[in-house]
Every structure is written in structure tokens, then in C-alpha cells.
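# Coordinates in review
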Amino acid sequence: PSGDRSNGAAADSTPPGPQRYAYFPVVRFGFGTAVGRGATSPTEAGFAFDLTAGLLAHQDRRGLQFMPEVGVSYQGGPTPGGTYFTAGLSALYGTRLFSGGLGARGMLGGSSAGLAAGVRSGLVLQAFFTSFTLDLGYQLLPTATDNRHAFVATLSVNPVPLIAGLFFFNALLGRWR
């Protein structure tokens, strides 16, 4: 005996393989509020609505998640008001049940002060396979006459995992009958 006290099993020397990603479609309907202020206008609040579509890519179990999205954002009220085309990316960390991170999106469209092009960025929290998303963001929309700053808070619902869950449970219950 050479003093080796192992059980005789060879150590696994193969390096781990690359991380695999799973992909989920995302269609979000978000409702909330936008509180904005321009350089020449008072602080005002308005209704906010976001409709976005994208794809969530996440690592197995726990890890990084990336979610590119495109969509439309409507904000009521004179200061943050307008309809905008949006495109952006969120980088999140977490599991399928809960994740959080930062999101940024470009915005282009018509506001009450004319054409506006700007950005919205902020904190993104998601729960239950992206079924529910809380988006807390700051946006800057410069126009020809004013720079508009706004805080936007929306709560979004993604019906895709909810509908998939209904089909799954219906099939599961059908087998038990």
C-alpha cells in the first residue's frame, strides 16, 4: 500500500460543458404610471401602458438571463405624454421563479412637444417564468423644445407561461381521470 486512501475511483477530469440556455417567448402587457417634468413645464403624472414582445434566454437553474424586447409605450399626460416605439435589452440574474436586474431601451416617437428620441433604464424584477414583471425606470426624452424627464413604474403580465401552465395541468389532470 502506498498510503493512497481513496476508494479506487478515478477522479473525473473532464471539464464542464458550456452553459445551456433555455428560451421562453415573452409578450408583456404593462400598466402603471409616469411622473414627468420638463424644463419649462411643471411635474405631472399620467397613465403608462407598455406592450412588448421578446425572448427570454436563461441558463439552466440559476444564472444570467437576457431578454431582448421590442414594443410600444403609451404615456398619458402633457409632460410624459406620447406614443413611442421601444427596443431594448434586460440583463437579469436569478432562477425561473424569480430574477432581477437592469434593463435599458431606446424610445422614439411623438410626444405632446413633438418628435422625441431618448432612453429608459431601470430596475426589472420578474416572477414565475416572467408571468409578472415590475419595471421601475427613469427616462429622458429630449424634444426640439424641451428635455423631458420621467419616472415610470409599470406592472406587466405575460400570458404565455400562464396559458402554457393551463395546458400542462389540463393534460396532467386528464391522465388521472
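On a predicted model such as this, the values are computed, not experimentally measured, just so you know.

### Description of the overall build of the protein
Helix and strand content of the protein: one helix and eight strands. Element order for the protein, N to C, with α for helix and β for strand: β-β-β-β-β-β-β-β-α. The buried share of the protein, reckoned over its 177 residues, is 36%. Put simply, 54% of the contacts in the protein that link residues at least 6 apart link residues at least 24 apart. Accessible surface computed for the protein: about 10400 Å², of which carbon and sulfur atoms make up 69%.

### Focus: the pairing of strand S1 (residues 21–38)
The pairing of S1 with strand S2 (residues 44–59) spans 16 bridges and is classified as antiparallel. Pairing of Val-35 across the sheet is with Ala-45, part of S2. Between S1 and S2, which pair antiparallel and follow one another directly, the connecting turn spans five residues. Pairing geometry for S1 and strand S8 (residues 147–157), over ten bridges, is antiparallel. For Val-35, the partnering residue across the bridge sits in S8 and is Phe-151.

### Some points on the sheet that holds strand S4 (residues 82–94)
Read around the barrel, eight strands follow the order S1-S2-S3-S4-S5-S6-S7-S8 and close on themselves; strand pairing throughout is antiparallel. When the angles between neighbouring strand axes are averaged without regard to direction, this sheet yields 25 degrees. In this sheet, strand S6 (residues 114–127) lies alongside strand S5 (residues 98–111) in antiparallel orientation, the contact comprising 14 bridges. The partner of Gly-100 across the bridge, within S6, is Leu-125.

### Here's the deal with the pattern of salt bridges
Enumeration according to the criterion identifies four salt bridges in this entry. For Glu-69, the salt bridge is made with Arg-28, and the minimal N-O distance between the two is 2.9 Å. Of the two residues, Glu-69 is situated in strand S3 (residues 63–75) and Arg-28 in strand S1; the sequence distance between them amounts to 41 residues. Classification of Glu-69 as buried rests on a relative accessible area of 7%.

### Describing the packing of aromatic side chains
A full pass over the atoms with the stated rule returns four aromatic pairs. Pairing Phe-31 with Phe-49 gives two aromatic rings, centres 5.1 Å apart and planes at 50 degrees, and the pair type is tilted. Of the two residues, Phe-31 is situated in strand S1 and Phe-49 in strand S2; the sequence distance between them amounts to 18 residues. Taking the relative accessible area as the measure of exposure, Phe-31 reaches 47% and is therefore partly exposed.

### Quick look at the confidence of the model for the protein
Confidence in the prediction of the protein, expressed as mean pLDDT, is 86, and 86% of residues score 70 or more. At the low end of the mean pLDDT range in the protein sits helix H1 (residues 159–176), at 82; at the high end sits S4, at 95.

### Considering the pairing of S4
Examined bridge by bridge, S3 and S4 share 13 bridges and lie antiparallel to one another. If you follow Ser-73 over to S4, its bridge partner there is Tyr-84. Relative to S5, S4 runs antiparallel, the two sharing 13 bridges. Looking across to S5, one finds that Tyr-93 is bridged to Gly-100.

### Some points on the environment of Arg-96
When you line up the elements, Arg-96 lands in the loop between S4 and S5. For Arg-96, a relative accessible area of 35% puts it in the partly exposed group. Here the alpha-carbon distance between Arg-96 and Gln-65, two residues 31 residues apart in the chain, equals 9.5 Å. Not counting residues up to four positions away in its chain, the partners in contact with Arg-96 are Ala-22, Phe-24, His-58, Asp-60, Arg-61, Gln-65, Phe-128 and Phe-129. A distance of 3.3 Å separates polar atoms of two side chains, one belonging to Arg-96 and the other to His-58.

The rules behind these values
Residues numbered from 1 in each chain as written. Predicted model: local features only at pLDDT ≥ 70, side-chain atom pairs only at ≥ 80, totals over all residues. Heavy atoms only, no water. Helix = DSSP H or I, 4+ residues; strand = E, 2+ residues; numbered from the N terminus. Buried < 20%, exposed > 50% of the residue type's maximum accessible area, 1.4 Å probe, protein only. Contact = heavy atoms within 4.5 Å. Areas by Shrake-Rupley, 256 points an atom, 1.4 Å probe, with all protein chains shown as cover. Pairing = 2+ DSSP bridges. Axes fitted to C-alpha atoms, helices over the stretch in contact; angles between N-to-C directions. Salt bridge = Lys/Arg side-chain N within 4 Å of Asp/Glu carboxyl O. Phe/Tyr/Trp six-rings, centres within 6.5 Å; stacked < 30°, edge-to-face > 60°. pLDDT = per-residue confidence, 0-100. Polar contact = N/O pair within 3.5 Å; in protein donor to acceptor, adjacent residues only side chain to side chain.

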